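Inside the fold
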Amino acid sequence: MNYRRRLPIPVPPAQHETVASYLARLANLHGLDPGELWQQASTPQPGTRRRVINPSLLAAITGRPAEHLARALPELRRPGPDWQAWRHQPQPGCPRCDARHDGGPVTRLLPHHRYVCTRHRYWIGPPDAGQPATPLGPELADIVQAQRRHLRLLRRHGPAATYDAVLTGFLLCGHLWTDQPGDWDGPWQRWTRRAEILIPPGTESSQFSAARIFAAAYPEAVTPGRPHRLARLAQPRRRRPRPATAVHRRDRAAARPARLPARRHR
């Protein structure tokens with residue numbers, strides 16, 4: 001069978017889906033072998049045994065314009081995206097978004113600034129291996145709002161500066177949450193409250209996830225100016241110098257060496 005003829009079931013790719021995930025779903029829906037479908041949609045790379053997806057061939061198979069496929073499939077974009085702004089590990093996304101796409105599970109390549117599906121209120125990353133997305137109830141609305149602030153930071157400062165700022169924010173939150181300087185109130189109390197909602201006490205053995213710990217601190221990590229304030233909290237508290245009184249000024253004056261009179265020149 002020549003698979004380069006248009007497949008009968010029109011299946012669009014999901015946004016940010018990997019090419020392998022899209023071809024696997026096409027193959028499942030049409031009862032085809034995924035490896036053979038890959039062969040039909042790819043061309044050999046000169047001088048190697050590798051084959052790369054040919055957008056024109058994939059467009060002929062799916063009946064979708066190559067530029068439309070490239071908008072959804074990052075690997076087909078020419079020129080390619082700035083991969084430093086993307087996670088290196090493919091992952092599942094929001095389960096409710098993925099449920100709209102037939103043919104099997106959807107695997108996506110997500111940029112670093114995508115942590116929450118704000119439409120369906122799911123924490124989607126960065127996930128642990130095998131960890132499903134985490135629903136965010138009404139009591140965790142501040143985590144959903146934090147994603148919107150994160151996107152505003154991205155528009156204002158660009159992906160590189162935003163990535164560095166948010167990573168610094170997470171590191172400071174982790175330092176403070178571990179040390180909790182003093183017994184006075186601080187943001188770590190909010191982090192503990194959110195963590196107990198995401199991982200209810202008594203369910204740690206089955207529900208614990210590093211991704212959910214990140215979610216607990218996410219609102220403070222992405223708040224503009226908050227990492228700078230957190231850095232001040234992380235510094236050891238210093239005793240302020242007391243203002244000088246009249247007695248102090250007198251004692252300091254007495255401790256100064258006597259000034260010799262100026263010599264006259266003859």
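Residues numbered from 1 in each chain as written. Predicted model: local features only at pLDDT ≥ 70, side-chain atom pairs only at ≥ 80, totals over all residues. Heavy atoms only, no water.

**Considering the pattern of salt bridges**
Using the following cut-off: The term salt bridge refers to a pairing of a side-chain nitrogen on Lys or Arg with a carboxyl oxygen on Asp or Glu at a separation within 4 Å. Per the convention used, a helix needs a DSSP run of H or I reaching at least four residues, while a strand needs a run of E reaching at least two, with both numbered from the N terminus. Burial classes follow relative accessibility: with a 1.4 Å probe on protein chains only, a residue under 20% of its type's maximum area counts as buried, one over 50% as exposed, and anything between as partly exposed.
Inspection of the entire model under this criterion finds six salt bridges. A salt bridge links R194 to D142, with the shortest nitrogen-to-oxygen separation between them at 3.0 Å. Here R194 is found in helix α8 (residues 188-198), whereas its partner D142 is found in helix α6 (residues 141-157), with 52 residues between them in sequence. R194 gets classed as buried once you look at its relative accessible area, which sits at 1%. Each of D142, R190, R193, R194 and E220 takes part in a single network of salt bridges with overlapping partners.

**A look at the packing of α6 against helix α7 (residues 159-179)**
Defined as follows: Interaxial angle, 0 to 180 degrees, is taken between N-to-C directions of lines fitted to C-alpha atoms, where a helix line uses only the stretch in contact. Angular relationships are summarised with four words: roughly parallel below 35 degrees, roughly antiparallel beyond 145, roughly perpendicular across 65 to 115, and oblique for the angles in between. Each crossing gets its handedness from the near helix: less than a right angle anticlockwise from the far helix is left-handed, clockwise is right-handed. The contact criterion used is simple: two residues touch if any of their non-hydrogen atoms lie within 4.5 Å. Residues are grouped as follows: Ala, Val, Leu, Ile, Met, Phe, Trp, Tyr, Cys and Pro are nonpolar; Asp, Glu, Lys and Arg are charged; all remaining types, including Gly, are polar.
Where α6 meets α7, the axes come as close as 7 Å, and the angle between the chain directions of the two elements is 135°. As far as their axial angle goes, α7 and α6 are oblique. For the element pair α6 and α7, the recorded crossing hand is right-handed. Residues H150, L153, L154 and H157 of α6 form the contact with α7, whose participating residues are P159, A161, T162 and V166. In terms of residue class, the contact of α6 with α7 is made up of five nonpolar, three polar and no charged.

**Examining the sheet that holds strand β4 (residues 122-123)**
Counted only if it meets this: Paired strands are those between which DSSP finds at least two bridges.
Taken together, the three strands give an open sheet; going across it, the order is β3-β4-β5, and neighbouring strands pair in antiparallel fashion. Each end of this open sheet is capped by a strand with a single partner; those strands are β3 (116-117) and β5 (134-135). Examined bridge by bridge, β3 and β4 share two bridges and lie antiparallel to one another. Residue C117 lies in a different strand from β4, and its bridge partner there is Y122.

**A closer look at the confidence of the model for the protein chain**
The criterion, for reference: How sure the predictor is of each residue is captured by pLDDT, a score from 0 to 100.
Confidence in the prediction of the protein chain, expressed as mean pLDDT, is 84, and 81% of residues score 70 or more. Considering only residues more than four positions removed or in separate chains, one finds that residues 237-242, a stretch of pLDDT under 50, has one contact. Overall, residues 244-266 carries pLDDT values under 50, and its contacts beyond four positions in sequence, including any with other chains, amount to three contacts.

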